[in-house]
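So the chains spell out like this:
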Amino acid sequence: MSLFFFLSPVLHYLSYLSQAFTTTEYTAVFFGVLYVVLAAKGDVYCWAAGIVSSAIYIYINIYAHLYMDAILQTYYVLAGIYGWWLWRSTQTADAATAGVSYYTLKQQMPLLVMGCALSPVLGFLFAKIGNSYSYFDAGITVFSFIATWMTAKKILQNWLYWIVIDLVAATVYFAKDLRATSALYVLFAIVALYGYREWQKNLEDKNR
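Residues numbered from 1 in each chain as written. Predicted model: local features only at pLDDT ≥ 70, side-chain atom pairs only at ≥ 80, totals over all residues. Heavy atoms only, no water.

**Some words on the overall build of the protein chain**
Logical step 1: Within the protein chain one finds 8 helices and 0 strands.
Logical step 2: Every one of the 208 residues in the protein chain was classed for burial, and the buried ones make up 50%.
Logical step 3: Residue pairs in contact within the protein chain that sit at least 24 positions apart in sequence constitute 70% of those at least 6 positions apart.
Logical step 4: Split by element, the accessible area of the protein chain, about 10700 Å² in all, is 69% carbon and sulfur. (Helix = DSSP H or I, 4+ residues; strand = E, 2+ residues; numbered from the N terminus. Buried < 20%, exposed > 50% of the residue type's maximum accessible area, 1.4 Å probe, protein only. Contact = heavy atoms within 4.5 Å. Areas by Shrake-Rupley, 256 points an atom, 1.4 Å probe, with all protein chains shown as cover.)

**Details of the confidence of the model for the protein chain**
Logical step 1: When pLDDT is averaged across the protein chain, the result is 81; 83% of the residues are at 70 or more.
Logical step 2: Mean pLDDT values for the elements of the protein chain range from 53 in helix 1 (residues 3-16) up to 92 in helix 7 (residues 158-175). (pLDDT = per-residue confidence, 0-100.)

**Here we look at the pattern of salt bridges**
Side chains carrying opposite charge are able to pair once their charged atoms draw close together.
Logical step 1: A full pass over the atoms with the stated rule returns 2 salt bridges.
Logical step 2: For Glu198, the salt bridge identified is with Lys41, shortest N-O distance 3.9 Å. Taken together, the residues span a long stretch of sequence, with Glu198 in helix 8 (residues 179-206) and Lys41 in helix 2 (residues 23-41) at a distance of 157 residues.
Logical step 3: The buried category is assigned to Glu198, whose relative accessible area is 19%.
Logical step 4: Linked by salt bridges that have partners in common, Lys41, Glu198 and Lys201 make up one network. (Salt bridge = Lys/Arg side-chain N within 4 Å of Asp/Glu carboxyl O.)

**Here's the deal with the side chain of Gln157**
Logical step 1: Looking at the element boundaries, Gln157 is found in the loop between helix 6 (134-152) and helix 7.
Logical step 2: Classification of Gln157 by relative accessible area gives buried; the value is 4%.
Logical step 3: Excluding anything up to four places from it in sequence, Gln157 contacts Ser101, Tyr102, Tyr103, Gln108 and Met150.

**What about the packing of helix 2 against helix 3 (residues 46-63)?**
Logical step 1: Contact geometry of helix 2 with helix 3 gives a least axis separation of 8 Å together with a crossing angle of 150 degrees. Classified by the angle between their axes, helix 2 and helix 3 sit roughly antiparallel to one another. Crossing of helix 2 against helix 3: the hand is left-handed. Residues Thr24, Glu25, Thr27, Ala28, Val29, Phe31, Gly32, Leu34, Tyr35, Leu38 and Ala39 of helix 2 lie in contact with helix 3, whose contacting residues are Cys46, Trp47, Ala49, Gly50, Val52, Ser53, Ile56, Tyr57, Tyr59 and Ile60. (Axes fitted to C-alpha atoms, helices over the stretch in contact; angles between N-to-C directions. Parallel < 35°, antiparallel > 145°, perpendicular 65-115°, else oblique. Left-handed = near helix turned anticlockwise from the far one by under 90°.)

**A closer look at a nonpolar patch on the surface**
Logical step 1: Nonpolar side chains collect at one region of the surface, where Val121, Phe124, Leu125 and Tyr135 lie side by side and expose about 410 Å² of accessible area between them.
Logical step 2: Along the chain, Phe124 falls in helix 5 (residues 105-128).
Logical step 3: The class of Phe124 is partly exposed, set by a relative accessible area of 46%. (Patch = residues over 30% accessible without salt bridge, like charges linked within 9 Å, V, L, I, M, F, W, Y side chains within 5 Å.)

**Remarks on the packing of aromatic side chains**
Logical step 1: One pass over the full model with this rule turns up 13 aromatic pairs.
Logical step 2: Both rings, one in Trp47 and one in Trp87, keep their centres 5.5 Å apart while their planes meet at 85 degrees; by these two values the pair is edge-to-face. Of this pair, Trp47 sits in helix 3 while Trp87 sits in helix 4 (residues 67-89), and the two are 40 residues apart along the sequence.
Logical step 3: Seen in terms of ring centroids, Tyr82 and Trp85 are 6.3 Å apart; in terms of plane orientation they differ by 35 degrees. Their pairing is tilted. Residue Tyr82 and its partner Trp85 are both found in helix 4; the two are separated by 3 residues, about one turn of the helix. (Phe/Tyr/Trp six-rings, centres within 6.5 Å; stacked < 30°, edge-to-face > 60°.)

**Quick notes on the environment of Val142**
Logical step 1: Relative to the assigned elements, Val142 resides in helix 6.
Logical step 2: Taking the C-alpha atoms as reference, Val142 lies 9.9 Å from Gly123; in sequence the two are 19 residues apart.
Logical step 3: In this structure, Val142 is in contact with Gly115, Leu118, Ser119 and Leu122, ignoring residues within four places of it in sequence.

**A word on the packing of helix 5 against helix 6**
Logical step 1: Across the interface, helix 5 lies against helix 6 with an axial gap of 7 Å and an inter-helix angle of 140 degrees. Taken together, the axes of helix 5 and helix 6 lie oblique to each other. In the packing of helix 5 onto helix 6, the handedness of the crossing is right-handed.
Logical step 2: A class-by-class count of the residues in the contact of helix 5 with helix 6 yields 17 nonpolar, 6 polar and 1 charged. (Nonpolar A, V, L, I, M, F, W, Y, C, P; charged D, E, K, R; others polar.)

**What to know about helix 4**
Logical step 1: Helix length check: helix 4 (23 residues) gives 33 Å between terminal C-alpha atoms against 33 Å at 1.5 Å per residue, within 8%.
Logical step 2: Taken residue by residue, helix 4 has Met68, Asp69, Ala70, Leu72, Gln73, Tyr76, Val77, Ala79, Gly80, Gly83, Leu86 and Trp87 as its buried positions. (Expected span 1.5 Å × (residues − 1).)

Here it is in structure tokens:
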């Protein structure tokens with residue numbers, strides 16, 4: 001199934017919201033979408049695109065006084081450096097997705113337990129500093145840490161985590177009146193579905 005099939009439902013919405021983007025946001029959006037598409041293809045340079053997008057979003061979030069979001073984007077920059085190094089160090093003549101692995105529910109359980117345990121704790125701390133969406137932001141932050149690590153380790157289910165994270169983030173950003181960024185996260189969720197199918201096909205081919 002083509003990438004266009006996954007992108008087409010949101011293209012009209014993005015064009016409708018195009019006036020909501022600033023030039024800075026356009027640049028961050030471009031590199032953000034490029035990151036997800038390249039990651040779905042297993043291209044190591046996805047991390048470079050992600051680093052650029054996150055660095056721009058640090059500025060955007062600080063300007064909008066969304067400091068927790070800025071902290072999360074800072075983590076993405078650092079994780080991008082780690083992911084780039086890890087993928088480069090394991091790169092072979094084959095595509096980067098050749099190293100995709102599958103985590104059973106049992107293997108994922110420690111990650112899920114850690115995420116569910118840390119989210120309310122971080123949410124409580126966020127609430128103490130006046131964050132209106134503290135528990136949502138905390139859940140997004142904690143599970144984004146987990147999902148980014150899973151992406152770097154080429155664990156197939158990272159895409160399923162990202163689909164949920166991106167849809168929740170889209171809702172929260174919409175509530176924060178960042179409509180263009182909300183649309184971007186809807187797009188991320190759609191491309192994450194594409195990424196899951198691409199990595200799943202690669203894993204199936206490897207196991208034949």
